[in-house]
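Chain residues, written in single-letter form:
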Amino acid sequence: MTNNYLFKRIAIQLSALACAGAMMFQAGIPVQAAAKIQRAKYEDGGEVDIDFRTRVQYRNPKITVKDNTGKSYTAIITEKDSDDLEFTIRRFAPGRRYTYKITGIRALGDKSFGSVTGTISIPAAAAPKIKRVKFDARDKEVEFSLTSKVRWNKPVVKISDGKKSYSVRITERDDDELEVRVNGLKKGKKYQYTITGATGKSSGKAVTLKGSFIA
């Protein structure tokens, strides 16, 4: 067997290995890659939910946020796992675009921790309004459903028929709902209500909710 023949055989094998390596790279077989964001969704009240393209790991993760005017905001990571992360922007301004940077993160299998950046828009907020009022004659309860989420701060509910005011006790509250117990309401009669102590989560502004309903 000549030396030329051996050299040709070695060259063919090396070429085949190189082609196989290129095919493996194109097929995405190497798993080491920087963490990347697949989707970022704005929830409400400054809350942002991020989904990653691959599983990730954390080491002392931190987040910084700036809006399109260059102003910096405090942001708190509220929840995280191997494929998503949630954070809240404190004292945000509606109607602006925000750039965030998460440090102390890497894709699963990567050697070193790095960072990932993204953007999210917070829409201009509409003031919360009452969407629906439901009266339960059996339990003597009135349920108010809101169009958007609010923060309650010592809420007060007043109900009257235009002549008489009724005693109202708040029995349950959620960020988009309030339930009260009222004695003396008559089915089929019209009543007016006023609710104070609500602040819109998106707008950050206090609102007074007024309207009427038929019991």
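From a predicted model like this one, the values you see are computed outputs, not experimental measurements.

J.: What is the right way to read the sheet that holds strand β5 (residues 75-80) from this model?
T.: The strands making up a sheet associate through backbone hydrogen bonding, with each pair oriented either parallel or antiparallel. Strand order in the open sheet made by the four strands is β1-β2-β6-β5, with antiparallel pairing throughout. Here the strands that pair on one side only, and so sit at the sheet edges, are β1 (37-42) and β5. Averaged over all neighbouring strand pairs, the angle between strand axes comes to 20°, with direction disregarded. Sheet topology note: the β1/strand β2 (residues 47-52) ladder contains five bridges and is antiparallel. Paired with Tyr42 across the bridge in β2 is Val48.

J.: Sorry, what's going on with the sheet that holds strand β14 (residues 177-182) here?
T.: Judged by pairing direction, the sheet is antiparallel, and its four strands sit side by side in the order β9-β10-β14-β13 without closing on themselves. Two strands close off the open sheet at either side, each with one partner strand: β9 (130-136) and β13 (168-174). Here the strands of the sheet are splayed against their neighbours by 20° on average, with no regard to which way each runs. Strand direction decides the pairing type here: strand β10 (residues 141-146) and β14, joined by five bridges, are antiparallel. What sits directly across from Ser145, in β14, is Glu177.

J.: Is there a simple way to explain the side chain of Glu179 in this structure?
T.: Among the secondary structure elements, Glu179 is positioned in strand β14. As a buried residue without a salt bridge, Glu179 has its nearest oppositely charged side chain in Arg181, at a separation of 6.4 Å. Apart from the residues within four sequence positions on either side, Glu179 is in contact with Glu141, Val142, Glu143, Arg169, Ile170, Thr171 and Glu172.

J.: What is the right way to look at the environment of Phe135 in this model?
T.: Its place among the elements puts Phe135 in strand β9. Exposure remark for Phe135: the relative accessible area of 15% places this residue in the buried category. Put simply, Phe135 and Phe213 are 78 residues apart on the chain and 8.7 Å apart in space, counted from C-alpha to C-alpha. With residues up to four places along the chain from it excluded, the contact list for Phe135 reads Glu141, Val142, Leu185 and Ala215.

J.: Sorry, what's going on with the pairing of β10 here?
T.: A regular strand places its side chains so that they alternate between the two faces of the sheet. Burial runs high along β10: six of the six residues are buried. Alternating residues of β10 divide into Glu141, Glu143 and Ser145 and Val142, Phe144 and Leu146, and every residue in both groups is buried. Taken together, the six bridges between β9 and β10 define a ladder with antiparallel strand orientation. Looking across to β10, one finds that Arg132 is bridged to Ser145.

The rules behind the values
- Residues numbered from 1 in each chain as written.
- Predicted model: local features only at pLDDT ≥ 70, side-chain atom pairs only at ≥ 80, totals over all residues.
- Heavy atoms only, no water.
- Pairing = 2+ DSSP bridges.
- Helix = DSSP H or I, 4+ residues; strand = E, 2+ residues; numbered from the N terminus.
- Axes fitted to C-alpha atoms, helices over the stretch in contact; angles between N-to-C directions.
- Buried < 20%, exposed > 50% of the residue type's maximum accessible area, 1.4 Å probe, protein only.
- Lys, Arg positive; Asp, Glu negative; His and termini not counted.
- Salt bridge = Lys/Arg side-chain N within 4 Å of Asp/Glu carboxyl O.
- Contact = heavy atoms within 4.5 Å.

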